[in-house]
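# Remarks on the overall topology
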Number of protein chains: 2
Amino acid sequence: MNLPERIHEANLNALDAMRQANPVWVDVRPALEVLPGMSKNTVLHAGPPIAWEDMCGPQKMGVQQALIYEGLVDDEEAAAAMIRAGEVVLAPCHEYQAVGGMAGITSASSPMVVVRNEQHGNYAYSQLFQGPAGGLQDRDAYNVEARKQWRWLDSVLGPTLAVKEVGGLPVKPIIARALEMGDECHNRNSAGSSLILNALVEAMFKTCRDRETLRQSIAYLSWADQFSLCVSMAAAKATTDAAKNIPYSTVVTTMARNGVDFGIKVSGLGEQWFTGPAQRVEGLYFSSDWGDDDAVPDMGDSAIMETYGIGGHVQAAAPALQQFVSGSFSRAVALTREMGQITVGTMDEYRIPNMDFATAPIATDIRKVVQTGVTPVIDTAIAHKKGGVIGAGQTRAPQQCFSEALRAFAAKYRTPGAA
Amino acid sequence: MNLPERIHEANLNALDAMRQANPVWVDVRPALEVLPGMSKNTVLHAGPPIAWEDMCGPQKMGVQQALIYEGLVDDEEAAAAMIRAGEVVLAPCHEYQAVGGMAGITSASSPMVVVRNEQHGNYAYSQLFQGPAGGLQDRDAYNVEARKQWRWLDSVLGPTLAVKEVGGLPVKPIIARALEMGDECHNRNSAGSSLILNALVEAMFKTCRDRETLRQSIAYLSWADQFSLCVSMAAAKATTDAAKNIPYSTVVTTMARNGVDFGIKVSGLGEQWFTGPAQRVEGLYFSSDWGDDDAVPDMGDSAIMETYGIGGHVQAAAPALQQFVSGSFSRAVALTREMGQITVGTMDEYRIPNMDFATAPIATDIRKVVQTGVTPVIDTAIAHKKGGVIGAGQTRAPQQCFSEALRAFAAKYRTPGAA
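These lines cover the structure that appears in this document, whether it is placed above or below. (Residues numbered from 1 in each chain as written. Chains lettered and ligands numbered in written order. Predicted model: local features only at pLDDT ≥ 70, side-chain atom pairs only at ≥ 80, totals over all residues.)

Residues and elements named next belong to chain B. Taken in spatial order, the five strands line up as β4-β6-β5-β1-β7 in an open sheet, and their pairing is mixed. Each edge of the sheet is formed by a strand with only one pairing partner; in this case those strands are β4 (98-99) and β7 (169-170). Contacting β1 (23-30), β4, β5 (111-117) and β6 (123-127), helix α9 (residues 228-241) runs over the sheet at an angle of about 150° to β6. (Pairing = 2+ DSSP bridges. Helix = DSSP H or I, 4+ residues; strand = E, 2+ residues; numbered from the N terminus. Contact = placed C-beta atoms within 7 Å. Axes fitted to C-alpha atoms, helices over the stretch in contact; angles between N-to-C directions.)

Pasting the structure below:
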């Protein structure tokens, strides 16, 4: 086989791994118990690796809060000193089999959605959806509220989500149904979140004996209409990880952002990151108090959804989101078709009813991105520089990471006898 | 003003009444307590009036079962004798401010969704969604199961639906959101049903002290993905009733079927029924055991949804349903546009995202139906001749009832000094 033939075959294998993956939500456990290599003084963040001093505001703030939350320090100053002294392991969630929305801050006691890919046997993890925490007027009050919410998630909600009682919750059927119900499963998760409440509520009822715990948990799930994203993200990670490390494959297996850099990984290039600048998010702010000057560039591991082939790739499934980008249904359809130009194949189970059940375009090929100049479109929330979600919209992955990955691919595989 | 001008003005008033209506689900009460004129020996049925001997199989069966259920007789034979002796009041639900899905059987102890139109002060009622009851193999077993389900609905679920605790549930926002989530709110109610569970679950939890009652009720709501239809139907009835009895108006205020006749009422013609033959439903049977020979023609008061301007009128909102009629998204869009030809206006709150947020076409004008030859398209379930729902699909209202209504309208209003 010549090189193009080898790449073609490898990419079909990567596509097949993603198609066959069967992610099942099996448990909720503290990060320290389940993440391989996790320690009490490790704090994980979204996106590619970044040094403490280079982090954007919300990530810096989140790391400090995590150290306070874990009882390692008393205040932000002590947290900063501990980090500067090299006593804190800072690393991307992605390097611990995890993904984290927005800043992605994950520490030892964070309750993690545990997803097992029943087809390949690998696991992936995501924090629980945290919900908004207080206002932005007062940083200290905001942080106190955020820590209270973390405590509630790890002590109340996490142990109450009776996924074990239902024998695990297969995530693919939930995503497939949500796509029929106006979600694209990244910026819009109203249907998916309802489906999860529907699937779990009776089992939660059976297993939780404390009435107030149960009331709070049910109230949260019936309110938190972005909840399913954390489950979908872990499922997407468990799926894309199964397509990793296939020699000769040019399929993208990770896309993640830390508010400074946008990073990708490519199947045939293993765990190497290729980065470009995180882009501005075009969208709508939830209040007229906020504008582009307040916003952090594209941030979070949630682009694992587009890596999977959901979210921006299938936005025709969620025309309601066009309201955030002054778009139209035909624009959404055009973007979904455009994603078809840079992907290897489609996922039969994921269909878009209002495109006559067209299948979702999955498995992005870095060669096609470079050839066409079309970069993946990313649906995303917008974070405030001082923390908190202040809007939602859309952006694109930067060309640069794909070009650099392709150069590295050429260097690795053009050498005779490589791989 | 000449006659066309008077009609135009009257129709805008009817449209306005429907637009302004604010239906709120306020309670669940037994029929005997809330339906004006209801008595212990009254059994209501779907559609226009029909004599006992002319009823289709499921309605006959339902009436008999209701008499057994209410403890008035011991068996079907005694029920038939009681009816023939003239000791049972048989009447359309619509004549008791109510609507009933499929056969529409409603008796004294039936638990009714109570909807108040806060704008106009009128009330409307609908039975709770009953769910499937047993198989069709054995008539007696089926009926025993059905009666058990009725008992459960009136003694367990009905009193547990804590709509009063939440201060009443406005139905328009639920329908509007469901339309964004792939429901057309007649044949597909997955989103609406989830939204209702989300809206009520915490309040149910607070008000119901019996753990097993609560578990059963939550389990039912999380399973019954057609549940919201009964709430939407009562809301539609409370809305269309507000447009009734406007002199000179040619707007349709009722469409209902009893499996034999399809009947309509027209605003300027008060409570008079105009009927045509109920049509065959084109659709899909849930099992290959069933076919057209098993099916009852179009049946049920659920066409109140199309009278309102939902269901068939907005089917582009629910492209998934095209699978029942071998259709396509463009077919659904074309039908929605076609309904625009026979309606007076649109409902701003009800939008179809994948038609770039086009508004729902509401208030059908009998003149436009007769002029264009376009009849309302009705999304509907299919009933078995021996009872039970066996499929779903689409049909059309028959031309005849619109032509006859228009003739009656001309006779009434062409006379100088009429109305």
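Let's pick the thread back up.
Because the α-helix completes a turn every 3.6 residues, residues three or four places apart line up on one side. All names here are of chain B. Compared with an ideal rise of 1.5 Å per residue, which puts 18 residues at 26 Å, helix α1 (residues 3-20) spans 25 Å between its outermost C-alpha atoms and is within 8% of the ideal. Restricting attention to buried positions, one finds in α1 the residues I7, A10, N11, A14, L15, A17, M18 and R19. For α1, the secondary structure elements touched by its buried residues are α9, β13 (343-352) and β14 (358-364). (Expected span 1.5 Å × (residues − 1). Buried ≥ 20, exposed ≤ 12 C-beta atoms within 10 Å, placed from the backbone.)

Okay, the relation of the copies chain B and chain A next. Both copies of the chain are placed relative to one another by a rotation about an axis and a shift along it. Least-squares fitting of chain B to chain A yields an RMSD of 0.0 Å, with the superposition described by an axial translation of 0.0 Å and a rotation of 180°. A rotation of that kind, with that shift, is consistent with a two-fold axis. Among all C-alpha atoms of chain B, that of M181 of chain B lies closest to the rotation axis, at 2.1 Å. Counting the interface residues of chain B, we find that 100% of their copies in chain A are interface residues as well, pointing to one common contact surface. (Least-squares fit on C-alpha atoms with pLDDT ≥ 70 in both.)

So, on to the interface of chain B and chain A. Chain B puts 23 residues into the contact, and the matching count from chain A is 23 residues. For the side of chain B that touches chain A, the elements supplying multiple residues, two or more each, are α7 (190-207) and α8 (211-223) of chain B. No other element matches the eight residues that α7 of chain B contributes to the side of chain B that touches chain A. Here the residues of the side of chain B that touches chain A sort into twelve nonpolar, seven polar and four charged. (Nonpolar A, V, L, I, M, F, W, Y, C, P; charged D, E, K, R; others polar.)

This brings us to the packing of helix α6 (residues 171-179) of chain B against α7 of chain B. Residues and elements named next belong to chain B. Put simply, α6 and α7 touch, their axes get as near as 8 Å, and they point 135° apart. Comparing their axes, α7 and α6 come out oblique. Considering the relative orientation of α6 and α7, their crossing is right-handed. Residues I174, I175, R177 and A178 of α6 form the contact with α7, whose participating residues are A191, G192, L195 and I196. Residue classes in the contact of α6 with α7 are distributed as six nonpolar, one polar and one charged. (Parallel < 35°, antiparallel > 145°, perpendicular 65-115°, else oblique. Left-handed = near helix turned anticlockwise from the far one by under 90°.)

Bringing the sheet that holds strand β15 (residues 377-383) of chain B into the picture now. Strand pairing in a sheet is mediated by backbone hydrogen bonds. Such pairs are either parallel or antiparallel. All names here are of chain B. Spatially, three strands are ordered β11-β16-β15 in an open sheet, and the strand pairing comes out antiparallel. For this open sheet the edge positions go to β11 (282-285) and β15, each flanked by a neighbour on one side alone. Neighbouring strand axes in the sheet, compared pairwise and without regard to direction, differ in orientation by 20° on average. Judged from the seven bridges that link them, β15 and strand β16 (residues 389-396) form a sheet pairing that is antiparallel. Each residue of the ladder has a partner; that of I378, found in β16, is T395.

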